[in-house]
Amino acid sequence: MKPSLLSRASKRAGEAGAGVYTGVLSLIVLAASGAIGLLLSSPWLFPSLGPTVMLIFGAPSERSSRPVNAAVGHAVAIVAGVVCLFLFGMNGKPSAPSAGLTVGYVLAGALSVAITAFVLHVLKLQHPPAGATTLIVSLGVIATPPGILSMAAAIAFTIVVGWGVNWALGERPPGVTA
């Protein structure tokens, strides 16, 4: 099998080559997600997508960057964030960044990360960027049903396009052969 573009870039230019691969592809995928968000007037670009694309392109052989880890990780994070937002009565209130931290937001945020970490550890599907996703939801930053659906769509888009690009350039998730 022909070496991937990432392997060839690393061999040719070392860490700088791998950095260019990661940076350029992250730029393309996040710009595309942001463009969709602009067209839809919807939150298709948010903080946890950054580390997700950095893993997908910068560390494709890591288990935590596999598509299943990313998809399950963010899904668990969204559910945990919503549950904790409601559990502590923070749904419908101004977000923590807008109104400031309250005891309810602190509890919702801390518990949502704990639940996400626990579930992903038990499932052996760790994806660290999911910790940011659950905080985005549990702190009320993106907490409306349309916002959460947009968030989920942006995550799916990022994973599919990111791994599609990697696949086209010769990268394969761990355990996957051509």
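Everything below is about the structure shown above.
Described in the following lines is the structure provided in the data block. Every chain is numbered independently, its residues counted from 1 as its sequence is written. Owing to the predicted nature of the model, reporting of local features is limited to residues with pLDDT of at least 70; listing and counting of side-chain atom pairs is limited to 80 or more, with chain, interface and lining totals taken over all residues. The side-chain quantities take in all heavy atoms of the structure and omit both hydrogens and water.

**Topic: the overall build of the chain**
At step 1: Each helix and strand counted, the chain has 7 helices and 0 strands in total.
At step 2: Secondary structure counts use DSSP, requiring at least four H or I residues in a row for a helix and at least two E residues in a row for a strand, with both numbered from the N terminus. In sequence order, the secondary structure elements of the chain are arranged as α-α-α-α-α-α-α.
At step 3: Here the radius of gyration uses the C-alpha set of atoms, whereas the globule reference equals 2.2 Å times the residue count to the power 0.38. Taking 16 Å as the expected radius of gyration for a compact globule of 178 residues, we find that the chain reaches 17 Å, a close match to that expectation.
At step 4: For the chain, the spread of C-alpha atoms along the principal axes amounts to about 55 × 40 × 25 Å.
At step 5: Of all 178 residues assigned to the chain, the portion counted as buried reaches 43%.
At step 6: Any two residues whose heavy atoms approach within 4.5 Å are treated as being in contact. Considering only contacts within the chain whose residues lie at least 6 apart along the sequence, 72% involve residues at least 24 apart.
At step 7: Areas reported here follow the Shrake-Rupley algorithm with a probe of radius 1.4 Å; residue values treat only the protein chains shown as occluding. Surface accessibility of the chain: about 8900 Å² in total, with carbon and sulfur atoms responsible for 73%. Partly exposed describes any residue whose relative accessible area lies between the buried limit of under 20% and the exposed limit of over 50%, with all areas from a 1.4 Å probe on protein chains only and scaled to the type maximum.

**Focus on the packing of helix α3 (residues 67-87) against helix α6 (residues 130-138)**
The angle between the axes and the distance between the axes are what describe a pair of packed helices.
At step 1: Interaxial angles span 0 to 180 degrees and are taken between N-to-C directions of axes, which are lines fitted to C-alpha atoms, for helices over the stretch in contact. Two elements in contact, α3 and α6, have axes separated by 8 Å at closest approach and are oriented at 30°. Considering their axes alone, α3 and α6 lie roughly parallel with respect to each other. Helix-helix and strand crossings are classified by hand; for α3 and α6 the assignment is right-handed. Where α3 approaches α6, its residues G73, H74, A77, I78, A80, G81, V82 and L85 are matched on the opposing element by A130, T133, T134, V137 and S138.
At step 2: Split by residue class, the contact of α3 with α6 holds 7 nonpolar, 6 polar and no charged. Any angle that falls under 35 degrees is termed roughly parallel, while one over 145 is termed roughly antiparallel, one within 65 to 115 roughly perpendicular, and all others oblique. Left-handed describes a crossing in which the near helix is turned anticlockwise from the far one by less than a right angle; the clockwise case is right-handed. Polarity classes work like this: nonpolar for Ala, Val, Leu, Ile, Met, Phe, Trp, Tyr, Cys and Pro, charged for Asp, Glu, Lys and Arg, and polar for all others, with Gly in that last group.

**As for the side chain of T52**
At step 1: When you line up the elements, T52 lands in helix α2 (residues 49-58).
At step 2: Any pair of nitrogen or oxygen atoms within 3.5 Å is treated as a polar contact; in protein, a donor-acceptor pairing is required on top of that, and neighbouring residues in sequence qualify only through side-chain atoms on both sides. Polar contacts involving the side chain of T52 include one to the main-chain carbonyl oxygen of S48, which spans 3.0 Å.
At step 3: In this structure the side chain of T52 is engaged in a polar contact, spanning 2.8 Å, whose partner is the side chain of H74.
At step 4: Once residues within four sequence positions are removed from consideration, T52 is found in contact with H74, H127 and P129.

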